[in-house]
Amino acid sequence: MAISLSKVSFAYEKSRKTGPLYVLKDIDLTIDTEKNDFITIIGHTGSGKSTLVQLFNGLLTPSSGEVNVFNKIISSKKKTKLKEIRKRVGLVFQFPEYQLFEETVLKDVMFGPKNYGLDDIENRAKRALQSVGISEELFNESPFSLSGGQMRRVAIAGILASSPDVLIFDEPTVGLDPKGKKELLDLLEKLNKVDNKTIIFITHDMEVVAKAATRVLVLDNGNISFDGTKDELFRNEKIVSDNSLILPSTIRILKDIKEKLNLDIDIYKYNVNDAYLELERALGGQK
Amino acid sequence: MNGKIVFGQYYNSNSWIHRLDPRVKLASVLLFMICLFVVENIYCLLGFLGFLFILIITSKIPFVKFLNSIKMMTFVLILTFILQIIFRNDGELLYSFNFNLTYLAIGIMVALLILWLLFSKYIKYLKNLVLIILVASVFIYQYYVNFGGLITIYNIDIYSGGLLMGSYIVLRIIALLLISSLLTLSTTPTELNNALEKMLGFLKVFKIKVSILTMMMSIALRFIPTLINESDKILKAQASRGCDFNEGKFSERIKQIISLIVPMFVIAYKRAYDLADAMEARGYVPDRKRSSIYVLKYRLKDYLVYAFDLGLIAACIFVKVRYAF
Amino acid sequence: MAIIEVNNLTYRYTKKKYALKDVSFKIERGEFVSIVGHNGSGKSTLGKLLCGLLQTKHGEILIDGIKLSDDTIDEVRQKIGIVFQNPDNQFVGVTVKNDIAFGLENRNIDVDEMEKRIKKYATIVGMDEFLDKNPENLSGGQKQRVAIASVLAMETDILIFDEATSMIDPLGVKEVTNAIKSLKEEKTIIYITHNLDETLMGDRMIVLKNGEIVLDEKIDNAIKQKDILTNSNLEPLEQMELIELVNKNNLNRKEEVEKVLWQSAYQK
């Protein structure tokens, strides 16, 4: 069971003179939901990241090629019932303001399950809210009275309540402070590891990639220019420099030390502790 | 990133009309419209139309753009024409048609109406043409068939006056459409806004705050494309939660519409709030004297157009007075 | 005389919750001060109070010796300019040129002077080729640079950046921070952020936590205060954490390592 794209292109119709404006070109891609991946998609603004994920749940239809989502085919040639696809592949946009509208938090989270005609919607909503860490006393508050971080959680619960298999996030950490960002990432890792959801995460933030990703896609000008693990990505100097990616800070720091002190260090460490241990090893221990 | 949304219908080219001072254009269009109403002579009207076509050709804007605006008004044009023909009865009688109103005819009309209401949404092309043919066939039927329980016979008389007046009014509406399209196609919304600000300055005398109105206009022009992009995202965010705008009971549909409107307001409000801060921080005080980066300066050709305008209105009044006596 | 002086400033949005509580500090002419804090720490409120977008009776603000009040607000705004977080919501004009002109029009500056300043400051932020573009065609970083040019054009002594990089992509951040760095010599800068690595551009750091100042020191000292920073819900720099670990465990060549780590912190 998976999402797979074969020869998918997407273009906005432009004037007859300039021809279609391609955002994505001939994309082949498979996402196996059995693997429980935490996939991050990186690339410059305008590289087609948002367009790509919107193809995954039928918000956009490919101009050519086929998108197969759990054996339902989305293509420009035929019409498909998109609702079932969207129930299984949920997308959370950057700002919670795009979706919150109900009088109370609980009602807002119930909106999704109700639309999909699911049963027991109130309990579903409550479970979803609890799993994103919204406590019961907030259930009857207005979603607009919450803090920024809480609003994002409620927005995520609003998708989670329909129990999708895949959760897509379009730059959810933008504008959050370090603590808010860390909490959100912890939540997503929990959803990934404990609740077995496949996470697809668009970001510009290499620290997020370093912390959480098990698979990384790099989009460059409408093409997938890299598909692999974060380790493979950061070790691939050509891809890093071609896309002017900023390496995660621990790698940058170790690289500096390696070059300036001429040490034999494996610089590809993703947190401070691992970086320290490697440094200790390379320096030959304590005085 | 959803293609580029262009607000207004401005068509970029570099004709002399594009380069005219927007104040001149605005004033001339208003004047031209007044002339169209002053003159009640079909030959003068045809003259105006001919003149308009010359303007359109020299504006280097494709004629299709103009046709689009006329197309939107087709229905109104046809209706006006028919009403004029039916209800005006001066001049000589040209034709007289007798129609037989029967029970059967009424039945057919009702049936056709129901069919139209049910199936018109499936007609993709030439919808208006189909409607005209349907309406026409109803009258043709009544003209030729007189069995099926005759109620009454009525007649429609076509007089030369009605025909003349009908075509006169239709041509006048077309001329109005063409001249206003010429203005909006050759002038950007911003230019128009600037022209308005300068020209309406005199309203200050009546304590109307023109500068505030035009500032509102220019902010609207700036933010409409942004808000259109936002509404697209809201639509997608709710679609991701299973919101399907094409199905559901009436009460569910209401809910779905609310799910779009509330976020739209929240976002627009937040933007407005931020923008107000940004404007205030940069020293904007409503209705205080401001300079303008847009300097509108009349050049020779602008004066020539003004002179022409004066000539035109004088000629119109002359014609009007001559024919009145 | 300090160019900014804040004495016992208190502000609250609702009766119960304080946004700022008895805040006092001075900023000298030409200083680059970073104000950091978590979301809701009061840092943006402080920014708005400094340029008179919010006002309070509790405490006073002196800008260049002038006490901020309703009567002096116009005068103060000629000395202080602010760049906000969201690049879209501060772009007033329909084009870049129009936007930079907006503040100048408000000051009733004549056209020739406007044209000159627009050209000059658009060039400084590298947007001089985009003068006729409208915001829909610009990236986040470009829009923020226009916002900076718009504020620069008003030729104020003090510039406030309120999380000016938090909503744009890494390339945009680089463009914007480079533009800001180049202004360091001429302006007094207040840089509000929650990213500690950006504070290294400045000379001094003020940390706010729940509306109160918990740290106000020269940047080199401030950046080392790992516990205070962590307690204020901020993320200490990895370099500082490593320095602490290296020293605690007394590693070989720890002085050299520490030197490289400091260099690496400042490099960005």
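Fair warning: this is a prediction, and the values are worked out from it, not measured in the lab.

(A) Summary view of the overall build of chain C. In terms of helices and strands, chain C carries 11 helices and 10 strands. Here the C-alpha atoms of chain C give a radius of gyration of 20 Å, agreeing with the 18 Å that 2.2 N^0.38 yields for 268 residues. Each of the three principal axes of chain C carries a C-alpha extent, and together these read 65 × 45 × 35 Å. Across chain C, contacts joining residues at least 24 apart in sequence account for 63% of those joining residues at least 6 apart.

(B) Representation of helix α8 (residues 160-186) of chain B in the model. Residue and element names in this part refer to chain B. In this model, α8 (27 residues) spans 39 Å end to end at C-alpha, consistent with the 39 Å of a helix rising 1.5 Å per residue. Listed as buried for α8 are Gly 162, Met 165, Gly 166, Arg 172, Ala 175, Leu 178, Ser 181, Leu 182, Leu 185 and Ser 186. Buried positions along α8 lie against α1 (16-19), α2 (22-38), α3 (42-58), α4 (63-72), α5 (74-87) and β2 (150-159).

(C) Inspection of the domain arrangement of chain B at higher detail. All names here are of chain B. What the domain assignment reports for chain B is domain 1 (11-206 + 299-325) and domain 2 (210-286). Relative placement of domain 1 and domain 2: their C-alpha centres are 35 Å apart. Every contact between the two is made by nine residues of domain 1 and, on the other side, six residues of domain 2. Grouping the constituent residues of the side of domain 1 that touches domain 2 by class yields four nonpolar, three polar and two charged.

(D) Summary view of the sheet that holds strand β2 (residues 18-27) of chain C. Residue and element names in this part refer to chain C. Read from one edge of the open sheet, four strands run β2-β1-β4-β5, paired in antiparallel fashion. Each edge of the sheet is formed by a strand with only one pairing partner; in this case those strands are β2 and β5 (66-67). By the bridge criterion, six bridges tie strand β1 (residues 4-12) to β2 in an arrangement that is antiparallel. Paired with Arg 12 across the bridge in β2 is Tyr 18. Seen against the sheet, helix α1 (residues 43-50) touches β1, β2 and β4 (60-63) and runs at an angle of roughly 60° to β2.

(E) The arrangement of the interface of chain A and chain C in detail. Taken residue by residue, the interface counts 30 residues in chain A and 29 residues in chain C. Going through the elements one at a time, α6 (178-193), α10 (249-261) and α11 (272-282) of chain A are the ones with two or more residues in the side of chain A that touches chain C. With eight residues, α10 of chain A is the largest single contributor of residues to the side of chain A that touches chain C. Among the residues making up the side of chain A that touches chain C, the classes are represented as 10 nonpolar, 13 polar and seven charged.

(F) Molecular detail of the sheet that holds strand β6 (residues 80-83) of chain C. Residue and element names in this part refer to chain C. The six strands lie next to each other as β6-β7-β8-β3-β9-β10, forming an open sheet whose pairing is mixed. Strand pairing shows two members of the sheet lacking a second neighbour, β6 and β10 (212-218), which therefore form its edges. Between one strand and the next, the sheet's axes are offset by a mean angle of 15°, whatever the strand orientation. Where strand β9 (residues 204-209) lies against β10, six bridges are found, and the strand directions are antiparallel. Within β10, the residue paired with Ile 206 across the bridge is Asp 216.

(G) Region of interest: the packing of helix α3 (residues 105-115) of chain A against helix α4 (residues 121-131) of chain A. Residues and elements named next belong to chain A. Their axes nearest at 9 Å, the elements α3 and α4 cross at an angle of 115°. In this structure, the crossing between α3 and α4 has a hand that is right-handed. From α3, Val 105, Leu 106, Val 109, Met 110, Pro 113 and Lys 114 reach across to α4, where they touch Ile 121, Glu 122, Arg 124, Ala 125, Ala 128 and Leu 129. Residue composition of the contact of α3 with α4, grouped by class: nine nonpolar, no polar and three charged.

What counts as what
- Residues numbered from 1 in each chain as written.
- Chains lettered and ligands numbered in written order.
- Predicted model: local features only at pLDDT ≥ 70, side-chain atom pairs only at ≥ 80, totals over all residues.
- Helix = DSSP H or I, 4+ residues; strand = E, 2+ residues; numbered from the N terminus.
- Rg over C-alpha atoms; globule rule 2.2 N^0.38 Å.
- Contact = placed C-beta atoms within 7 Å.
- Expected span 1.5 Å × (residues − 1).
- Buried ≥ 20, exposed ≤ 12 C-beta atoms within 10 Å, placed from the backbone.
- Domains from an automatic or database assignment.
- Nonpolar A, V, L, I, M, F, W, Y, C, P; charged D, E, K, R; others polar.
- Pairing = 2+ DSSP bridges.
- Axes fitted to C-alpha atoms, helices over the stretch in contact; angles between N-to-C directions.
- Left-handed = near helix turned anticlockwise from the far one by under 90°.

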